[in-house]
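# Close look at the chain arrangement
Chain by chain, the residues:
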Amino acid sequence: TEFKMADKSRFLAAKDGGHSDFASASNKDWKGPFFFAQLADTQLGMLSYMRKTDPTDWTEEVEMMKAAIEHINRLRPRFVVVCGDLVNAYPTGPTAQLQEQQVADFKKFMSLIDGSIPLVCVCGNHDVGDRPTAATVELYRSRFGDDFLSFWVDGVRCLVLNTQLYKDATDAPALAAAQDAWLTEQLSLRPAPPTLVFSHISPFINAPDEPAGYFNLEPGVRESILSRMRAGGVRGWFCGHYHRNAGGHDGPVEVVTSSAVGTTLLPSGTDPLGLTGFTGPAIGPQASGLRLVKVQQAAGQLVLAHEWFTMGSVPRAVDPAASAW
């Protein structure tokens, strides 16, 4: 494949609280069914980290990214969103330089997505650190633009969140407060527009009343957000972080947790919310994958039809108006 230099502007399209690929006022108008591709946890470098092999080798994750991009360029979704953990190395300390190399490769390969297909990047805990700071968030913004934003796609409002600020805001309280005030403002719009949300961490993995765990948000924080979303028009909240598929409903809000484009984790059968809930990594065309989401309307209500496909089972084409895949 012919590689071009990563288009810097493409990765900085999230700016001024919006996204430059969706700047047209006509994006607020419903134009009929469409579909988008949700990717999560490309996480270049995770496999070698887990296997304790060469930390500068992320060949297998790149192969899965390239497989995803091949599908995307054939299917031509309305947009592509990557729900966090773009790379594996953390932004500070001894891994900072490694993260810089992984980010460069992420951009190099994601630049192969056809330029007419908008790309939306979401930050994960590995991108900004488990305990983000003003400096790590600013570093992310310098590479990928805004970490929280709002844009419209063909009559549907989309919100992107930095969920790490909801997970641990100890070292970035002002940033967390700013995002939460912005979210309240967004979800106060009436009449509440049909809304989709994208983040890295899921509010819950299986049920809205589940206890706190590594892979979800603390119950008090979770309910604070979900109560606003239930009233604010949110129909789907798409997440990653779990490296497995999961999901559930909280009233009108469907939470969809998608497995990884890169390294997936196999359930251990115990501790589904924690770090002992999985066994070794699995990667390849029968393990790694992506989610396709059809956005339809019925009786004036948003209807979501979605399915997660392994790289080896992605359909040849998608009809966004059809009920079946």
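Structure: see above.
Rules used in this analysis
- All residue numbers here refer to positions counted from 1 along the written sequence of the relevant chain.
- This being a predicted model, a pLDDT of at least 70 is required before a residue's local features are given, and a value of 80 or more before pairs of side-chain atoms are given or counted; all residues contribute to the totals for chains, interfaces and linings.
- Water and hydrogen atoms play no part in the side-chain values, which are based on all heavy atoms of the structure.
- Every helix listed is a DSSP run of H or I at least four residues long, and every strand listed is a run of E at least two residues long, numbered separately from the N terminus.
- Expected span of a helix: the number of residues minus one, times 1.5 Å.
- Partly exposed describes any residue whose relative accessible area lies between the buried limit of under 20% and the exposed limit of over 50%, with all areas from a 1.4 Å probe on protein chains only and scaled to the type maximum.
- Here, the arc refers to the directions that run from the helix axis to the C-beta atoms.
- When checking whether two residues touch, look at their non-hydrogen atoms; a contact exists if any pair is within 4.5 Å.
- We count a salt bridge whenever a side-chain nitrogen from Lys or Arg sits within 4 Å of a carboxyl oxygen from Asp or Glu.
- Buried residues of nine kinds, namely Ala, Val, Leu, Ile, Met, Phe, Trp, Tyr and Cys, make up a nonpolar core once their side-chain atoms join them within 4.5 Å.

### What about helix H7 (residues 173–187)?
Its 15 residues place the ends of H7 21 Å apart at the C-alpha level, agreeing with the 21 Å of an ideal helix rising 1.5 Å per residue. Within H7, the full set of buried residues consists of Leu175, Ala176, Gln179, Trp182, Leu183, Gln186 and Leu187. In a view along the axis of H7, the buried residues occupy a sector of 130°, so they form one face of it. Facing away from the buried surface of H7 by more than 90 degrees, the exposed residues are Pro173, Ala174 and Glu185. Packing partners of the buried residues in H7 comprise helix H5 (134–144), strand S6 (149–153), strand S7 (156–160), helix H6 (164–167), helix H8 (219–231) and strand S9 (234–239).

### Let's talk about the pattern of salt bridges
One pass over the full model with this rule turns up ten salt bridges. In this structure, Glu60 and Arg51 form a salt bridge, with 3.3 Å as the shortest nitrogen-oxygen distance. For Arg51, a relative accessible area of 44% gives the class partly exposed. Taken together, the shared-partner salt bridges connect Lys31, Arg78 and Asp154 into one network.

### Points about the nonpolar core
Judged by nonpolar contacts, the single largest core of 41 residues is most densely connected at Leu39, Phe106, Met110 and Leu292. Of all elements in the fold, only strand S3 (34–39), helix H2 (59–75), strand S4 (80–83), helix H3 (96–110), strand S5 (119–122), H5 and strand S14 (289–298) reach the threshold of two or more residues within this core. The leading source of residues in this core is H2, at seven residues. Ignoring anything within four residues of it in the chain, the contact list for Leu292 reads Phe35, Phe36, Ala37, Leu75, Ala305, His306, Glu307, Phe309, Val314, Pro315, Val318 and Trp325. Ala40, Val120, Val153 and Val295 belong to the second largest nonpolar core, which has 24 residues in total.

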